[in-house]
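Report on the structure
Residues per chain are reported as follows:
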Amino acid sequence: MAKLALINREKKRRDTVAKFAAKRAELNSIINNMSLDEEARHAARLALQALPKNSSPVRLRNRCALTGRGRGVYSKFGLGRIKLRETIMRGEVPGVVKASW
């Protein structure tokens, strides 16, 4: 199980990303609009840089929903490899069976 501080930090980052998503999208559209003058685009770049670092979606990390493990997480299921294997073995994931040949 991951430390509770890491799980809480990730939750806080997700909240920050959601809070600033509209503002970031607006600034990025201004920056990528070539029909605007260079000064307006530069001002938008500076405003984007002034936003909190944790508002960038690149800083998010996929974590297991049960344990908070940061590595080996299957995004389709939202579980880490260990917990996914346990749930599959119990038959709780529909359509997934243990391979045997």
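Heads up: these notes are all about the structure in this document. (Residues numbered from 1 in each chain as written. Predicted model: local features only at pLDDT ≥ 70, side-chain atom pairs only at ≥ 80, totals over all residues. Heavy atoms only, no water.)

Under the 1.5 Å per step criterion, the end-to-end length of helix α2 (residues 38-50) is 18 Å for 13 residues, consistent within 8% with the ideal 18 Å. Three or more residues of α2 are buried, namely Arg-41, Ala-44 and Leu-48. The buried residues of α2 occupy one face: seen down the axis, they fall within an arc of 55°. Those residues of α2 that are exposed and aimed more than 90 degrees away from the buried face are Glu-39, Gln-49 and Ala-50. The secondary structure elements touched by the buried residues of α2 are α1 (4-32). (Helix = DSSP H or I, 4+ residues; strand = E, 2+ residues; numbered from the N terminus. Expected span 1.5 Å × (residues − 1). Buried < 20%, exposed > 50% of the residue type's maximum accessible area, 1.4 Å probe, protein only. Arc of directions from axis to C-beta. Contact = heavy atoms within 4.5 Å.)

The subject of this paragraph is the nonpolar core. With six residues, the main nonpolar core is built from Phe-20, Leu-27, Ile-31, Ala-44, Leu-48 and Leu-51. Among the elements that make up this core, the one with the highest residue count is α1 (three residues). Once residues within four sequence positions are removed from consideration, Leu-51 is found in contact with Phe-20, Lys-23, Arg-24 and Leu-27. Cys-64, Leu-79, Leu-84 and Val-93 belong to the second-largest nonpolar core, a separate cluster that totals five residues. (Core = buried A, V, L, I, M, F, W, Y, C linked by side-chain atoms within 4.5 Å.)

Glancing now at the packing of α1 against α2. Orientation of α1 relative to α2, taken along the N-to-C sense of each, is 150°, at an axis distance of 8 Å. Classified by the interaxial angle, the pair formed by α1 and α2 is roughly antiparallel. Pair α1 / α2 crosses with left-handed handedness. Note on element contacts: α2 touches α1 through Ala-40, Arg-41, Ala-44, Arg-45, Ala-47 and Leu-48, opposite Arg-24, Leu-27, Asn-28, Ile-30 and Ile-31. Taken together, the residues of the contact of α1 with α2 break down into seven nonpolar, one polar and three charged. (Axes fitted to C-alpha atoms, helices over the stretch in contact; angles between N-to-C directions. Parallel < 35°, antiparallel > 145°, perpendicular 65-115°, else oblique. Left-handed = near helix turned anticlockwise from the far one by under 90°. Nonpolar A, V, L, I, M, F, W, Y, C, P; charged D, E, K, R; others polar.)

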